[in-house]
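As a plain string of letters, each chain reads:
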Amino acid sequence: MDPAHPLPARDSHAQQPPRSILKSSGARRDASAPSGSSSSAPQVQFKGLPPLSAPRASSKSSSHSQKPIQNVGQIPNDGPIPPVMLPATANRDELEIMAFHLAAHLRELRIAEEEARRKQEAQRLPRPTRRPDDFPEFKKILMGPWVAGSGYGPVFESTIIVRARTSIMVNPALDVASHHLVWDLKSSLQNAKCFSTRGEVALTSIFGQPATSPRLSDLCIVSQSFSWALRVSAEEPSVGITVGDILNFLAQFFSMPLDDRNLQEATSSHRTAMLAAQSERISHSSGPPSIYVYDWLLNTTVFDGFAHDPNYTRTDFLGRRGEVYIVLSLKE
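Keep in mind that what you see is a predicted model, and the values were worked out from it rather than measured.

**As for the overall build of the chain**
Then, in step 1: Helices and strands together make up the secondary structure of the chain, namely 7 helices and 13 strands.
Then, in step 2: The buried share among the 332 residues of the chain stands at 29%.
Then, in step 3: Within the chain, contacts between residues at least 6 apart in sequence are counted, and of these 63% link residues at least 24 apart.
Then, in step 4: Counting only carbon and sulfur atoms, one obtains 54% of the accessible surface of the chain, whose full area is about 23,200 Å².

**Examining the sheet that holds strand β12 (residues 302–308)**
Two orientations exist for strands paired in a sheet by backbone hydrogen bonds: parallel and antiparallel.
Then, in step 1: A sheet is described by the order of its strands in space; here 4 strands give the open sequence β11-β10-β13-β12, paired in mixed fashion. Each edge of the open sheet is held by one strand with a lone partner, namely β11 (226–233) and β12. Taken pair by pair, the neighbouring strands of this sheet meet at an average axis angle of 25°, ignoring direction.
Then, in step 2: Two elements, β12 and strand β13 (residues 325–331), share 6 bridges in a ladder whose sense is antiparallel. Paired with His308 across the bridge in β13 is Ile326.

**A word on the sheet that holds strand β7 (residues 199–201)**
Then, in step 1: Here 3 strands make up an open sheet; going across it, the order is β5-β6-β7 and the pairing antiparallel. Where the open sheet ends on each side, the last strands, each with one partner, are β5 (181–182) and β7.
Then, in step 2: As judged from the 3 bridges shared by strand β6 (residues 193–196) and β7, these two strands associate in the antiparallel manner. Across the sheet, residue Ser196 finds its bridge partner in β7, namely Gly199.

**Quick notes on the environment of Leu247**
Then, in step 1: With respect to the secondary-structure elements, Leu247 resides in helix α5 (residues 243–254).
Then, in step 2: When the C-alpha positions of Leu247 and Leu185 are compared, they lie 9.9 Å apart, and in sequence the two are 62 residues distant.
Then, in step 3: Once residues lying within four places of it in the same chain are set aside, the contact partners of Leu247 are Leu174, Leu181, Trp183, Leu189, Leu203 and Phe207.

Rules and cut-offs
- Residues numbered from 1 in each chain as written.
- Predicted model: local features only at pLDDT ≥ 70, side-chain atom pairs only at ≥ 80, totals over all residues.
- Heavy atoms only, no water.
- Helix = DSSP H or I, 4+ residues; strand = E, 2+ residues; numbered from the N terminus.
- Buried < 20%, exposed > 50% of the residue type's maximum accessible area, 1.4 Å probe, protein only.
- Contact = heavy atoms within 4.5 Å.
- Areas by Shrake-Rupley, 256 points an atom, 1.4 Å probe, with all protein chains shown as cover.
- Pairing = 2+ DSSP bridges.
- Axes fitted to C-alpha atoms, helices over the stretch in contact; angles between N-to-C directions.

Below is the structure:
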């Protein structure tokens, strides 16, 4: 370059050749201009972009709709088993998930086999012959002290109860305050009726219930309607005195003929009343011709109930120390 002839100054407002604004970083310039082209503008050529495709789903999310299992320890010990899906792939992640699913499937099979084995063993075991409501551990809690049968509580002798000064409860079927039992002692026990809060119940359904709580092996029945002391003992010592023991004793005792000695011991007015009742039965053919124990009661032959009187004592030879007395009430 000749320093004597310097280049003219560049005009910033001079027209520059146009540059394509669409030129991308991936475009390359062609060194050789196409033939027949007289334009001095640079030529631009674009490479074709690859076609767009849908993003590939993760192998873990495609094989699991839930949180993917990372190790065997995450397989639940109980509850629903994850579905077993075996992806057809050689990808390492998917093969690991496949192993987890196989472990879960094997666990499911093991549980099913164990359950089947348990059922087979249960079928070979002897089943209880008693009904579920006959088991003491349930009846003691749910049904209170009036459960029929043995094994539901200790059976005490009267002397132990008196010495310990323990209060006695009478079964509601016999309690004087409940009036659950309707029975005329002159008639058979089969004619008696028993009622509860839900209506009439079969009398035999309460025969096995204990007569008192706590249970007693023996007791004594007294009353203001007669002077005898009637001792009752349990038919089954392991059960104690039951309602049936009391009622059967009364039915048997009052249906016996009256002893001549007892008839002579009665006052003249009492004896006259009993003989009059006997004559009336004979004249109307409405009963046995003899004088029976229930004739001693005259008109008060309807059962009214029992009550325990801890202060009751007898001073005659019929009484004994350590006796539990329940007082029989009768009405017309």
